[in-house]
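If you want the building blocks of each chain, they are given just below.
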Amino acid sequence: MSRVSSIDIGSIKVTSLLDGELVLPAEVLLNLKDEDAQTIRDNNENKLSSSNINAYLIQNGERNLLVDAGCRELFGPTCGFIKDALAEAGVSTQQVTDVFLTHLHPDHIAGTLNTDGTAVFNNAQLHLVDIEHDFWIKENFDAVEVNGADWENLAQAVVTAYKDRLNLLSQGKEIMPGVNTVAIPGHTPGHSGFRVDSGNDSLMHLGDIIHLQNLQLIDPNVSTVFDIDYDTALLSRKRVLDMVSTDKNLCTSGHWLSPKFGHIERHGQGFAVSSK
Ligand SMILES: [Zn+2]
């Protein structure tokens, strides 16, 4: 199976990298309809709670920017294939010049480290949004729901492994020419998407506002227990979906299913991926 899908945004090449696929249990979902909860409980291969873990390779001239890095072995045998996906895209770990992490949850950051805690991407600068870095690095970390000490330790291990080549940036700033962060607070304090702009083309990455495309587009009130600030995350989800459907942006995101690039349009009380 192929783990990559590429698109040209002007002169910038964007490739989605499939780290893995998984099905989320009903226990981590909030505001589910009873019948959907039952479907998910009855069938652990159901499509409603199917999710992908994606990373992205963005190539502009000499730069190979990796956005997120998958979950390594942490989420079981169906995930952790970021190196295979990169190889399929024709880029070695040593050719990655830049890494940007949309937020410091394990499914986005574990793949930056070998199991011994050393850096995988030895030649890359690591770019993090300052408030995301500060949230996880503070000494009096206050565990929120599932965002406990294990997750904090992993985030700190990543920052330690890349400390000599860490670039902290504020929201909305350029990661590399044509690629800027987009603030989408709530899931985590510094949770980000990104925009790619080149020529007349653009692409919006929506971060983790959607974990389960088949549930949360139809009903954006469906949430997961992974959101650190539930209310802000819900507002962000609705605001961003509203914006990209109004502006007709080409979209993708951290847990988007295939096909990896598409438009979102209003559909009933919620949204749908456009087939156009
Ligand atoms: Zn995620």
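Note that the coordinates shown come from a computational prediction; the quantities given were computed from them, not determined experimentally.

Novice: Break down the sheet that holds strand β14 (residues 251-252) for me, with residues and values.
Specialist: Read from one edge of the open sheet, 5 strands run β9-β10-β11-β12-β14, paired in mixed fashion. Looking along the sheet, the strands with just one partner apiece sit at the ends: β9 (174-176) and β14. Here 5 bridges tie strand β10 (residues 179-183) to strand β11 (residues 192-198), and the two strands are oriented antiparallel to one another. By the bridge assignment for β11, Val179 is matched with Val196.

Novice: Please provide a residue-by-residue account of the coordination of the zinc ion, values included.
Specialist: Taken together, Asp107 (OD), His108 (NE2), Asp208 (OD) and His255 (NE2) make up the full set of protein donors to the zinc ion, lying 2.1 to 2.3 Å away. Coordination at the zinc ion is irregular, judged from the 4 donor atoms that bind it and the angles of 89 to 170° they form at the metal. In primary sequence terms, the donor set of the zinc ion follows D-H-x99-D-x46-H. With Asp208 in the loop between β12 (201-205) and α6 (213-216) and His255 in the loop between β14 and β15 (264-267), this residue pair connects regions lying 47 residues apart in the sequence. Comparing Asp208 with His255 shows no difference in burial state: the two are buried.

Novice: Give me the lowdown on the environment of Lys173, citing residues and values where you can.
Specialist: Position of Lys173 relative to the elements: it lies in the loop between β8 (166-169) and β9. Given the relative accessible area of 46%, Lys173 is considered partly exposed. Once the C-alpha coordinates of Lys173 and Ser192 are considered, the two residues, 19 residues apart in sequence, prove to be 11 Å apart. Leave out the neighbours within four places in its chain, and Lys173 touches Val179, Asn180 and Thr181.

Novice: Got a sec to walk through the pairing of β15? Specific residues and values, please.
Specialist: In terms of strand pairing, β15 meets strand β16 (residues 270-273) through 4 bridges, oriented antiparallel. In the strand pairing of β16, Glu265 is matched with Ala272. Hairpin connection between β15 and β16: a loop of 2 residues separates the two successive antiparallel strands, and Gly268 in this loop has a positive phi of roughly 60°.

About the criteria used
- Sequence order as written defines residue numbering, which begins from 1 separately in each chain.
- Only residues with pLDDT of 70 or above have their local features reported here, since the model is predicted, and side-chain atom pairs are shown and tallied only from 80 upward, although totals for entire chains, interfaces and linings are computed over all residues.
- Each side-chain value is derived from all of the structure's non-hydrogen atoms; neither hydrogens nor water enter the calculation.
- The criterion for strand pairing is that DSSP finds at least two bridges linking the strands in question.
- Secondary structure follows DSSP: runs of H or I at least 4 residues long count as helices, runs of E at least 2 residues long count as strands, and numbering of each begins at the N terminus.
- The donor set covers N, O and S atoms within 2.8 Å of the metal, switching to 3.2 Å for Na, K and Ca, and it leaves out water, so a site may look short of donors.
- Any coordination sphere not matching a tetrahedral pattern (four donors, all angles between 85 and 135 degrees) or a square planar or octahedral pattern (four or six donors, opposite donors over 155 degrees apart, other angles between 65 and 115) is reported as irregular.
- Type-normalised accessible area, obtained with a 1.4 Å probe on protein chains alone, sets the label of each residue: buried when under 20%, exposed when over 50%, and partly exposed for intermediate values.
- When checking whether two residues touch, look at their non-hydrogen atoms; a contact exists if any pair is within 4.5 Å.

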